[in-house]
Protein chains: 2
Amino acid sequence: MDKKIIGIDLGGTTAKFAILTPDGEIQQKWSIDTNILDDGKHIIPEIIESINHRLNLYGMKAEDFIGIGMGTPGTVDSEAGTVIGAYNLNWRELQFVKKMIEEGTGIKFAIDNDANVAALGERWKGAGENDPDVVFITLGTGVGGGIVADGHLLHGVTGAAGEVGHITIDPNGFECTCGKRGCLETVSSATGVVRVARHLAEEYAGDSRLKAMLDNGEEVTSKDVFELAEADDPFGLMVVDRVCLYLGLACGNLGNTLNPSSIVIGGGVSAAGEFLRSRVEKYFKEFTFPQVRESTKIKLAELGNEAGVIGAASLALKYAE
Amino acid sequence: MDKKIIGIDLGGTTAKFAILTPDGEIQQKWSIDTNILDDGKHIIPEIIESINHRLNLYGMKAEDFIGIGMGTPGTVDSEAGTVIGAYNLNWRELQFVKKMIEEGTGIKFAIDNDANVAALGERWKGAGENDPDVVFITLGTGVGGGIVADGHLLHGVTGAAGEVGHITIDPNGFECTCGKRGCLETVSSATGVVRVARHLAEEYAGDSRLKAMLDNGEEVTSKDVFELAEADDPFGLMVVDRVCLYLGLACGNLGNTLNPSSIVIGGGVSAAGEFLRSRVEKYFKEFTFPQVRESTKIKLAELGNEAGVIGAASLALKYAE
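Since this is a predicted model, take the numbers as computed values, not measurements.

**Q** Can you walk me through the pattern of salt bridges in this structure?
**A** For side chains of opposite charge, pairing can occur when their charged atoms come near one another. Residue and element names in this part refer to chain A. Under the counting rule described, the total for this entry stands at 26 salt bridges over all chains. Note that glutamate 129 is salt-bridged to lysine 299, the shortest N-O span being 3.5 Å. Residue glutamate 129 is located in the loop between α4 (114–125) and β8 (134–139), and its partner lysine 299 is located in strand β12 (residues 297–300); the two are separated by 170 residues in the primary sequence. Within the structure, one salt-bridge network assembled from shared partners comprises Glu274, Arg277 and Glu281.

This is the structure we're talking about:
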């Protein structure tokens, strides 16, 4: 039997697990609730217990595995295998994740942050087509990303490489939680889209269901904005156009800097699909020079929430090299 | 005797040569004029002749060398060892540089474009301190650059990675020769600095020697702009501040994206030294989020015009691995 790999996508509410073949096919999947009580000290023991339980169930042993890979929130030291500052896990103190999991399972372990791991997943088995140069942007509650360049996941000097949510798209733009102004996240996260709508609504005078909802104080989500725009609400179209201009500017400069084969857009906001992608692409072409315009593609993510376990598994493959 | 390496920096007027030790110390230097007549067909034969002549002079043989590396203008296919579209060399057609030089000298050969090679040089022996993550920006007639990330020189899918001169710093900015608007090159190359001065002069009404020179139709260079600003010309200071804002925005987003240990600024415009660097750094800090602001440094290039031969030599080192 060929050896397998285990991918883990650790989040604030669930931890997803998968057993995969070395070429990235998922053979088994399961998940457990993330127990964040007591400063999150139960999380790793329960992950170990769940892995050992499953291996027992499937009649598998530690020797049957190349390794385990995991994506996690927080600041990761992938060399040391530690995590700190993952607030949705209650991990304020340094967590020795690699040491605990290797001792608890007898299987080699690798770890990186969740946005990087999703980038690896989309690059390997999704829209990135396993090309050596792929940028991944995830538009969710926040905006994150990961960069694979010349076949390597980039970390930079302190692990902040790929933090595309803090690209400045407007020096005079909205204040960001990071302390500076005009970050991509302030205008293209789920809350950012609604922020752009509220801002533009102040000056919009035409007839619009979206404008009326905002003026009436109704709760408006980014999904509402995109759905109304797709239904030809004129103000909704204006908001989506502005959001896509900002995304196109950021993607354009990622293209001008890195010339990847593709920039892959994922996360909840990307559920708007081709309606979003085509508009981002229009501005991307406006903000790139010819060689990049013709060679770097704007794509939608393809793996959905399996990107995490697949990318995590790919981390473990380095032990097979 | 330890084996040596040869670095060549090919330009439109001269080709610079150096013989270096494997740790990057220059032992011999010379140069020849670049003969661009007859579609540049004499360039490579004259380079071969010059190398063979020098090796003979020093009593050295092909076996004494690890390899030859070269930086060149134009579009380079570093795998194939070919160059096309180097207009200042009159190379309009595909040039089989690697094949010719390897056959003519009996020494292995590697090639990349001149901005990438200068980046490798500054990273290896200059301001980059041989760190794995270094971005190099050269401010000259044009604005170019090179990116070393996770220890690898980035090329992207078609070799356009590192073309930082075409980062869009203002969607409504000046038209660029590349066809789009607001490129960094339009406001921070030698001509770009003067363009910014002419543009701002239209609205500046105060007393200023620089403003008077522009209004009188005198020839003004970027060197004039920086020298007058350093002598406290109020309009000169305004122009330099604006140029540094644009550079700080571009460097900020390179930092937010790649988190290199340093962004190194070189080229003719960088002769303004600390006067330029400190102002770029001020805006860089404004446009970066805290983790990058604290870890990515803005530095001046240190190697001057030796960056090319040193970086070119480092290309050849891969044959020693």
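**Q** Help me understand the packing of aromatic side chains, please; the structure alone is not making it clear to me.
**A** In the structure shown here, the tally under the stated rule is six aromatic pairs over all chains. A centroid spacing of 4.8 Å and a plane angle of 40° characterise the contact between tyrosine 204 of chain B and phenylalanine 235 of chain B, whose relative ring orientation is tilted. Taken together, the residues tyrosine 204 of chain B in the loop between α6 (190–201) and α7 (209–215) and phenylalanine 235 of chain B in helix α9 (residues 234–258) connect sequence positions 31 residues apart. One residue, lysine 125 of chain A, lies across the ring of tryptophan 124 of chain A, its end atom 5.8 Å from the ring centre.

**Q** How should I be thinking about the interface of chain B and chain A in this particular structure?
**A** On the side of chain A, 40 residues touch chain B, which itself brings 40 residues to the contact. For the chain B and chain A pair, buried surface summed over both sides reaches about 3,100 Å², with 62% attributable to carbon and sulfur atoms. The largest share of the area that chain B buries against chain A comes from Val157, Thr257 and Phe289 of chain B, three residues that together contribute 17% of it. Applying the counting rule to chain B against chain A returns zero salt bridges. Scanning the region where chain B abuts chain A turns up 19 residue pairs in polar contact (both at pLDDT 80 or more). For the side of chain B that touches chain A, the secondary structure elements donating two or more residues are β9 (143–149), β10 (152–153), α9 and α11 (290–295) of chain B.

**Q** Explain the domain arrangement of chain A to me, please; I cannot follow it from the model alone.
**A** It is common to report an interface's size as the accessible area lost on association of the parts. Residue and element names in this part refer to chain A. Assigned domains within chain A: domain 1 (4–120 + 306–319) and domain 2 (130–301). The partner domain 2 presents nine residues to the seven residues of domain 1 that form the contact. Together domain 1 and domain 2 conceal approximately 650 Å² of surface at their shared face, both sides included; 63% is due to carbon and sulfur atoms. Taken as a group, Ala115, Asn116 and Ala119 account for 57% of the area that domain 1 buries against domain 2, more than any other trio of residues on that side. Joining domain 1 to domain 2, the criterion identifies zero salt bridges.

Calculation notes
Residues numbered from 1 in each chain as written. Chains lettered and ligands numbered in written order. Predicted model: local features only at pLDDT ≥ 70, side-chain atom pairs only at ≥ 80, totals over all residues. Heavy atoms only, no water. Salt bridge = Lys/Arg side-chain N within 4 Å of Asp/Glu carboxyl O. Helix = DSSP H or I, 4+ residues; strand = E, 2+ residues; numbered from the N terminus. Phe/Tyr/Trp six-rings, centres within 6.5 Å; stacked < 30°, edge-to-face > 60°. Lys NZ or Arg CZ within 6 Å of the ring centre and 35° of its normal. Contact = heavy atoms within 4.5 Å. Buried area = accessible area lost by both parts, 1.4 Å probe. Polar contact = N/O pair within 3.5 Å; in protein donor to acceptor, adjacent residues only side chain to side chain. Domains from an automatic or database assignment.

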